[in-house]
Amino acid sequence: MIRKANAVWRGTGRDGTGDLTTASGVLSATPYSYKTRFESAPGTNPEELIAAAHAGCFTMALAFGLQQAGFTPDELRTEAAVSLDPDGAGFKISRSALTLRAKVPGLDAAKFQELAKGAEQNCPVSKVLNAKITLDAQLES
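The shown structure was predicted, so the numbers you read here are calculated from the model rather than taken from an experiment.

Q: I'd like to hear about the sheet that holds strand E2 (residues 17-22), residue by residue, with values.
A: Spatial strand order, E1-E2-E3: 3 strands in an open sheet with antiparallel pairing. Both outer strands of the open sheet, strand E1 (5-10) and strand E3 (30-33), are each paired with one neighbouring strand and no more. Across the sheet, the axes of successive neighbouring strands diverge by a mean angle of 25 degrees, strand direction being ignored. Bridge count for E2 against E3 is 4 bridges, and the pairing is antiparallel.

Shown next as structure tokens:
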């Protein structure tokens, strides 16, 4: 399976602008720039997209793990907070902090932690990130 996205950039790094398009069309000429990445201008940025990918991948992996263990979640809500930090003359993604809030009937806390940790370690996006990945998982009643 291969998934594709395209980036187009016009101009310098600081003053230029670009757009991102995915093959599915979910992103279609979505703007990104220095200001969307390092300030708060409207548009997206690579770190936000990585955060969305990590949150989605982890949450789906956990849903499969729960299913295999015989549980059906009422709701799994995950936030991924991706950190972009200085690294020499450039930057690096240093961390992806996952925050999970889950409602899973009949699941005890120990089994929940085991399944959540397994999903965090084994989702494909976790495996591809060369960054520290953390997980704060809480089972809600």
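Q: Can you tell me about the sheet that holds strand E5 (residues 90-103), naming the residues and giving the values?
A: On the basis of which strands lie adjacent, the open sheet formed by 3 strands has the order E4-E5-E6 and mixed pairing. Each edge of the open sheet is held by one strand with a lone partner, namely strand E4 (75-87) and strand E6 (132-139). Across the sheet, the mean angle separating the axes of adjacent strands is 15 degrees when strand polarity is ignored. Bridging between E5 and E6 involves 8 bridges; their strand directions are parallel. Its bridge partner being in E6, Arg95 is matched across the sheet by Lys132. Across the sheet, helix H3 (residues 109-122) is in contact with E5 and E6; its angle to E6 comes to roughly 150 degrees.

Here is what the cut-offs are and how they apply
Residues numbered from 1 in each chain as written. Predicted model: local features only at pLDDT ≥ 70, side-chain atom pairs only at ≥ 80, totals over all residues. Heavy atoms only, no water. Pairing = 2+ DSSP bridges. Helix = DSSP H or I, 4+ residues; strand = E, 2+ residues; numbered from the N terminus. Axes fitted to C-alpha atoms, helices over the stretch in contact; angles between N-to-C directions. Contact = heavy atoms within 4.5 Å.

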